[in-house]
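Observations on the model geometry
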Amino acid sequence: MLTKIEFPQAKDVAGTPAHHYELQLLDRNNAILKNETVFGGYYLPTVVEKNTYSIALSTTNEKYILRITPISIFGQRGEPMIQWIKVEAPVVAPEAIGDPDLLQVQVQGGAVVDLSGKNYTTDTRGTTNVSGEYFSFGNNGNIKFTDFKQNDTKLADGFAFAIVAKLGDVNTKQTIAGNQHAGGYGMSVEAGKASFAVHVNGRYVAVTCAVTANTEYHIVGVYNPDVGVLLYLNGQLVGVAAVGDNPQMGFATDAGAEYFCVGADSDASGNGEIFYKGSIKQVGIYSTPLTAGNVLYLYQNQ
């Protein structure tokens with residue numbers, strides 16, 4: 001669960017604000033669970049009087065101690081501020097949401113099609129196998145959406161990535177779908193975990209959760225610049241990662257890799273890489289971040 005913390009700007013006797021803060025999250029036994037650095041806007045023309053920070057906590061009814069220590073530009077540490085935090089699991093109700101507006105890949109009439117109405121140019125590599133509502137790829141096949149890059153500005157403002165897939169082997173590194181070549185975003189599996197990663201402020205911010213081989217999952221990744229990177233599994237939030245202040249999403253800069261790929265990750269050769277070996281029922285991308293209620297609705301109505 002993501003909890004927003006608000007605390008006053010610390011200043012020394014001369015009125016100079018703190019350069020940054022050390023945030024330590026402790027359990028009731030004073031064991032440190034998180035240790036993060038938060039910058040207080042020291043270099044801003046007008047320094048804010050209050051700082052806000054979002055921190056991912058457990059959804060159990062547990063109490064935590066938050067110790068906030070101001071630190072000057074010279075490394076001098078001030079007196080810490082102490083807050084008690086109690087996390088209560090939110091009650092989430094289903095919230096209706098329509099079909100994905102940027103991409104909706106699924107089987108229709110025995111063929112794999114995009115129902116978004118965007119009329120993307122596609123390029124299928126290798127063999128595509130269809131079985132009922134599911135499709136898979138043989139011999140390192142995949143589907144390229146070569147002009148999906150036109151949506152980059154929309155994705156940068158926040159988006160949601162929804163997949164229904166029957167995972168096969170979950171230990172081998174595979175990309176279910178994405179455009180994650182030196183930037184971008186992608187949904188993948190590796191080492192017994194599913195992962196949603198987004199390239200923000202020059203680094204990948206990823207959230208993972210445990211998954212089981214030969215099992216079907218409804219997986220939704222959400223990038224919300226105001227909240228962070230979120231991952232949902234079967235309608236439930238399983239992880240949140242903060243993206244920091246003023247997040248800027250980065251995309252693939254190699255022209256050969258500027259395409260969205262289903263069944264693999266994009267690569268500069270245009271052939272795909274890190275191929276997915278399971279089957280897929282649907283891949284959808286929304287132009288706005290979904291709420292927890294939206295995700296629960298999709299899972300209940302898939």
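Read on for a plain summary of the structure. (Residues numbered from 1 in each chain as written. Predicted model: local features only at pLDDT ≥ 70, side-chain atom pairs only at ≥ 80, totals over all residues. Heavy atoms only, no water.)

Some thoughts on the side chain of His218
Condition: Put simply, DSSP marks the helices as runs of H or I at least four residues long and the strands as runs of E at least two long, and each gets a number from the N terminus on. Under the scheme applied here, a residue whose accessible area is under 20% of the maximum for its type counts as buried, over 50% as exposed, and between as partly exposed, the area being computed with a 1.4 Å probe on protein chains only.
Of note, His218 is situated in strand 16 (residues 215-224). Among the residues examined, His218 registers a relative accessible area of 4% and is labelled buried.

Looking at the pattern of salt bridges
We apply this condition: Salt bridges are defined as contacts in which a side-chain nitrogen from Lys or Arg sits within 4 Å of a carboxyl oxygen from Asp or Glu.
One pass over the full model with this rule turns up eight salt bridges. Residue Lys11 pairs with Glu49 through a salt bridge whose shortest N-O separation is 3.3 Å. You can see Lys11 sitting in the loop between strand 1 (2-8) and strand 2 (20-26) and its partner Glu49 sitting in the loop between strand 3 (32-39) and strand 4 (50-56), a full 38 residues away along the chain. Salt bridges here are not isolated pairs; linked through shared partners, they connect Asp123, Arg125 and Lys144.

Considering the environment of Phe275
How we decide: Contact definition: two residues touch when any of their heavy atoms are within 4.5 Å.
Structurally, Phe275 can be placed in the loop between strand 19 (260-262) and strand 20 (279-286). Phe275 sits in the buried class, given a relative accessible area of 18%. It is 49 Å that separates the C-alpha atoms of Phe275 and Thr46, two residues lying 229 residues apart in sequence. Those residues within four positions of Phe275 in sequence are excluded, and the remaining contacts are Asn140, Gly141, Asn142, Gln174, Thr175, Gly263 and Ala264.

Topic: the packing of aromatic side chains
Formally: Here is the rule: rings of Phe, Tyr and Trp (six-membered ring for Trp) pair when centre to centre is within 6.5 Å. Planes less than 30 degrees apart are stacked, more than 60 are edge-to-face, and the remainder are tilted. For a lysine, the NZ atom is tested; for an arginine, the CZ atom; a charge sits over a ring if that atom is within 6 Å of the ring centre and within 35 degrees of the ring normal.
What the rule picks out here adds up to 13 aromatic pairs. Ring geometry for Phe161 and Tyr185: centres 6.3 Å apart, planes at 75°, overall edge-to-face. With Phe161 in strand 11 (residues 159-167) and Tyr185 in strand 13 (residues 185-190), this pair connects stretches of sequence that are 24 residues apart. Grouping residues by exposure puts Phe161 and Tyr185 together as buried. With 6.2 Å between their ring centres and 20° between their planes, Tyr185 and Phe260 make a pair best called stacked. Here Tyr185, found in strand 13, pairs with Phe260, found in strand 19; they are 75 residues apart in sequence, far enough to count as distant. Phe260 matches Tyr185 in its accessibility class, with the two residues each being buried. Members of the aromatic cluster, connected to one another through ring pairs, are Tyr120, Phe145, Phe148, Phe159, Phe161, Tyr185, Phe196, Tyr223 and Phe260. Between Lys144 and the ring centre of Tyr259, over which it is positioned, the NZ or CZ distance is 4.6 Å.

Focus on unusual backbone geometry
Unlike most non-glycine residues, Asn201 shows phi in positive territory, near 50°. Locating Asn201 in the fold gives a position in the loop between strand 14 (193-200) and strand 15 (203-210). Among the residues examined, Asn201 registers a relative accessible area of 38% and is labelled partly exposed. Even without a glycine there, the phi angle at Asn246 is positive, about 45°.

Focus on the nonpolar core
Heads up, the condition is: The term nonpolar core refers to a set of buried residues drawn from Ala, Val, Leu, Ile, Met, Phe, Trp, Tyr and Cys, joined through side-chain atoms within 4.5 Å.
Phe148, Phe159, Phe161, Tyr185, Phe260, Val283 and Ile285 are the most contacted members of the largest nonpolar core, which totals 46 residues. Top element by residues in this core is strand 11. It accounts for five residues. Non-local contacts of Phe260, meaning those with residues more than four positions away in its chain, are made with Leu103, Ile143, Lys144, Phe145, Phe148, Phe161, Ala177, Gly178, Asn179, Tyr185, Val283 and Ile285. If you look at the next biggest cluster of nonpolar residues, it comprises 14 residues, including Ile5, Tyr53, Tyr64 and Leu66.

Structural notes on the environment of Ile219
Relative to the helices and strands, Ile219 is located in strand 16. For Ile219 and Ser195, which are 24 residues apart along the polypeptide, the C-alpha to C-alpha distance reads 9.4 Å. When residues no more than four places from it in sequence are discounted, the contact partners of Ile219 are Phe161, Ala162, Ile163, Met187, Ala194, Leu231, Tyr232 and Leu233.

Considerations on the pairing of strand 5 (residues 62-71)
Worth spelling out the cut-off: We call two strands paired when DSSP finds no fewer than two bridges between them.
Of all ten residues that make up strand 5, seven are buried, and the element is covered over most of its length. Bridge analysis of strand 2 against strand 5 gives seven bridges, and the strand direction is antiparallel. When the sheet's bridge partners are listed, Leu25 is paired in strand 5 with Leu66.

Overview of the pairing of strand 14
Counting buried positions along strand 14 gives seven out of eight residues, so the element sits mostly inside the fold. In this structure, strand 13 lies alongside strand 14, joined through six bridges in antiparallel fashion. Note that in strand 14 the partner of Ser188 across the bridge is Ser195. Between the end of strand 13 and the start of strand 14, which pair antiparallel, lie two residues, with Ala191 showing a positive phi angle near 55°. Note: strand 14 against strand 15, eight bridges, orientation antiparallel. Of the residues in strand 15, the one forming a bridge with Lys193 is Ala210. Between the end of strand 14 and the start of strand 15, which pair antiparallel, lie two residues, with Asn201 showing a positive phi angle near 50°.

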